[in-house]
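Letter by letter, the chains look like this.
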Amino acid sequence: MDSPGTREPLRIGVLGCASIAERRMLPSMLRQPRVRVTAVASRDAAKAASFAARFGGDPVVGYERLLERPDVDAVYIPLPPGMHAEWTLRSLAAGKHVLCEKPFATTLAEAREAVSLARERGLLLMESFMFLHHAQHAEVARLVADGAIGDLRLFSSEFGIPRPAGDAGDTGPRYASTLPEVAAYPLRAASLFLGDGLRVLGAQVRTEGEDGFRVAGTALLTAPSGVAAQLAYGLDHGYRSGYTLWGSEGHLTLERAFSTPDDHAPVVRIERRGRTEEIRLAPDSHFTNIAGAFARTVLDGAGYEPHAEAILRHAELVDAVDTAASRS
């Protein structure tokens, strides 16, 4: 049964024509039968028209005008991180469910304010950690639980992207906003495998330029079980996107863990007692999957609270890492 005010498919409006929306999320929504894009908003009329022609819906000039539309049940927000909290709050105030790109907020206070409003209005608020919806991670968790590497001792993860060609020496606002997004993946993956209650033992951040823009960082965390997590992330690195789980009898590695193409067949590599086993998995589309999960949760009208709690837990962890880095 549809929740009040919604019907299937879920009618989604898109706030902003960002690259992530163009390359991954909107093409994926077209493949998701429970979703229909009904409007695309930009401050640039030509860009809104171009996106609408490719992905469906009406072009809208101005984000406010999209929120006024009665044919929009929910919004997808791929705006720059510094705009996430403002437009999430405006969307919730307009009665729209929200799927927002990560990082959801720039501060813990912003996250708490948005979650409070979503709870008050009875609306779904979901952070778009699409990688959590890829089947490869559930298979890794199953292998570890089945004892493939013995007892877990350490989780390590790296996510780094190269500086774009022609950007040598560029340490402008692009970097200030991008590092939290890159860092979010290893942090969220640590929570996925080690559970809640992670404690930050230390963190470091590397800055560049006179304004001190953050371009890289590391963090050391520990779980209540005693298992540690070593994380590294950056914007001026050879590409890496993966994690390793090290156990008492071996270790398991997964590459392309976060930015996984839809046609990529993941390979789980297990090294144990001098032998190496490679397990090839089926491709999966995590963007299509998260769009479906968002629509299903809204249309079912239940299960909102776990997403609100996940946003708060992640924001608290990011805040703790930032605090530790500021002291180093």
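Residues numbered from 1 in each chain as written. Predicted model: local features only at pLDDT ≥ 70, side-chain atom pairs only at ≥ 80, totals over all residues. Heavy atoms only, no water.

Got a minute to help me understand the overall build of the protein in this structure?
On a plain count of helices and strands, the protein comes out with 9 helices and 14 strands. Over its C-alpha atoms the protein spans a radius of gyration of 20 Å, differing by no more than 12% from the 20 Å that the globule rule assigns to 328 residues. Overall, the protein is about 60 × 50 × 40 Å in size when its C-alpha atoms are taken along their principal axes. Put simply, 66% of the contacts in the protein that link residues at least 6 apart link residues at least 24 apart. Of the roughly 14,300 Å² that the protein leaves accessible, carbon and sulfur atoms contribute 50%. Charged side chains in the protein number 36 positive and 41 negative. The centres of these two groups are separated by 2 Å. (Helix = DSSP H or I, 4+ residues; strand = E, 2+ residues; numbered from the N terminus. Rg over C-alpha atoms; globule rule 2.2 N^0.38 Å. Contact = heavy atoms within 4.5 Å. Areas by Shrake-Rupley, 256 points an atom, 1.4 Å probe, with all protein chains shown as cover. Lys, Arg positive; Asp, Glu negative; His and termini not counted. Charge placed at Lys NZ, Arg CZ, Asp CG, Glu CD.)

Whenever I open this one, the sheet that holds strand β14 (residues 275-280) confuses me. Can you help?
In any sheet, the strands associate via hydrogen bonds between backbone groups, in a parallel or an antiparallel arrangement. Ordered in space as β8-β9-β10-β7-β11-β12-β13-β14, the 8 strands form an open sheet in which the pairing is mixed. Of all strands in the sheet, those bounded by a partner on one side alone are β8 (199-208) and β14. Strand-to-strand twist of the sheet, defined as the mean angle between neighbouring strand axes without regard to direction, takes the value 10 degrees. Against the sheet, helix α6 (residues 135-145) makes contact with β11 (240-247), β12 (250-254), β13 (267-272) and β14, and its axis sits at roughly 175 degrees relative to β12, the strand it touches most. Those strands touched by helix α9 (residues 305-327) are β8, β9 (213-222) and β10 (228-234), and its axis lies near 65 degrees from that of β8. (Pairing = 2+ DSSP bridges. Axes fitted to C-alpha atoms, helices over the stretch in contact; angles between N-to-C directions.)

Just checking my understanding: could you explain the sheet that holds strand β4 (residues 74-77) for this structure?
Here we have 6 strands laid out as an open sheet, ordered β3-β2-β1-β4-β5-β6, and parallel in their pairing. The strands lining the two open edges of the sheet, one partner per strand, are β3 (58-61) and β6 (125-128). Each strand axis lies, on average, 25 degrees off the axis of its neighbour in the sheet, ignoring direction. The pairing of strand β5 (residues 97-101) with β6 spans 4 bridges and is classified as parallel. Paired with leucine 99 across the bridge in β6 is methionine 126. Across the sheet, helix α4 (residues 84-93) lies against β1 (10-15), β4, β5 and β6, angled at about 170 degrees from β5, the strand it touches most.

Would you take a moment to explain the packing of helix α5 (residues 108-121) against α9 for this structure?
In helix packing, the relevant descriptors are the interaxial angle and the interaxial distance, both defined with respect to the helix axes. Packing of α5 against α9 brings their axes to within 9 Å, and their N-to-C directions diverge by 170 degrees. Accordingly, the angle class assigned to the pair α5 and α9 is roughly antiparallel. Along the contact surface, α5 presents Leu108, Ala111, Arg112, Val115 and Arg119, while α9 presents Glu305, Ala308, Glu309, Ile311, Leu312, Ala315, Glu316 and Asp319. Partitioning the contact of α5 with α9 into residue classes produces 7 nonpolar, no polar and 6 charged. (Parallel < 35°, antiparallel > 145°, perpendicular 65-115°, else oblique. Nonpolar A, V, L, I, M, F, W, Y, C, P; charged D, E, K, R; others polar.)

Honestly, unusual backbone geometry in this entry has me stumped. Any pointers?
Peptide bonds are mostly trans, and most non-glycine residues show a negative phi. At the junction of lysine 102 and proline 103, the peptide bond is cis and its omega measures out at -5 degrees in the coordinates. Considering the arrangement of structural elements, one finds proline 103 in the loop between β5 and α5. Backbone geometry places arginine 256, a non-glycine residue, at a positive phi of 55 degrees. Tracing the sequence through the fold places arginine 256 in the loop between β12 and β13. A relative accessible area of 30% means that arginine 256 is categorised as partly exposed. (Buried < 20%, exposed > 50% of the residue type's maximum accessible area, 1.4 Å probe, protein only.)

What exactly am I supposed to notice about the pairing of β11 here?
With 6 of 8 residues buried, β11 is to be regarded as a mostly interior element. Direction of pairing for β11 relative to β12: antiparallel, over a ladder of 4 bridges. Across the sheet, tryptophan 246 pairs through a bridge with histidine 251, a residue of β12. Hairpin connection from β11 to β12: 2 residues lie between these consecutive antiparallel strands.

Hey, could you run me through the packing of helix α1 (residues 19-30) against helix α2 (residues 45-55) in this one?
In contact at an axis separation of 10 Å, α1 and α2 are set at 40 degrees when each is read in the N-to-C sense. As summarised for this structure, α1 and α2 are arranged oblique, according to the angle between their axes. Touching Glu22, Leu26, Pro27 and Leu30 of α1 are Phe51, Arg54 and Phe55, all from α2. Per-class residue counts for the contact of α1 with α2 are 5 nonpolar, no polar and 2 charged.

Would you mind showing me how to read the confidence of the model for the protein here?
Regions with low pLDDT should not have their predicted coordinates read in detail. Of the residues in the protein, 94% reach a pLDDT of 70 or more, and the chain-wide mean stands at 93. Confidence drops under pLDDT 50 across residues 1-5; counting only partners more than four residues distant or on other chains, this segment forms 11 contacts. (pLDDT = per-residue confidence, 0-100.)

Can you help me understand α1 in this one?
One full turn of an α-helix is made of 3.6 residues, so residues set three or four places apart face in the same direction. The terminal C-alpha atoms of α1 lie 16 Å apart, and with 12 residues this matches the ideal 16 Å at 1.5 Å per residue to within 8%. For α1, the complete set of buried residues consists of Ile20, Ala21, Arg24, Met25, Leu26, Ser28 and Met29. (Expected span 1.5 Å × (residues − 1).)

Would you explain the side chain of glutamate 127 in this entry?
Among the secondary structure elements, glutamate 127 is positioned in strand β6. Buried charge glutamate 127 goes without a salt bridge, the closest partner of opposite sign being arginine 188 at 6.1 Å. Engagement of the side chain of glutamate 127 in a polar contact is seen with the backbone nitrogen of phenylalanine 104, the distance being 2.9 Å. The residues touching glutamate 127, leaving out its near neighbours within four places in the chain, are Leu99, Cys100, Lys102, Pro103, Phe104, Ile290, Ile311 and His314. (Salt bridge = Lys/Arg side-chain N within 4 Å of Asp/Glu carboxyl O. Polar contact = N/O pair within 3.5 Å; in protein donor to acceptor, adjacent residues only side chain to side chain.)

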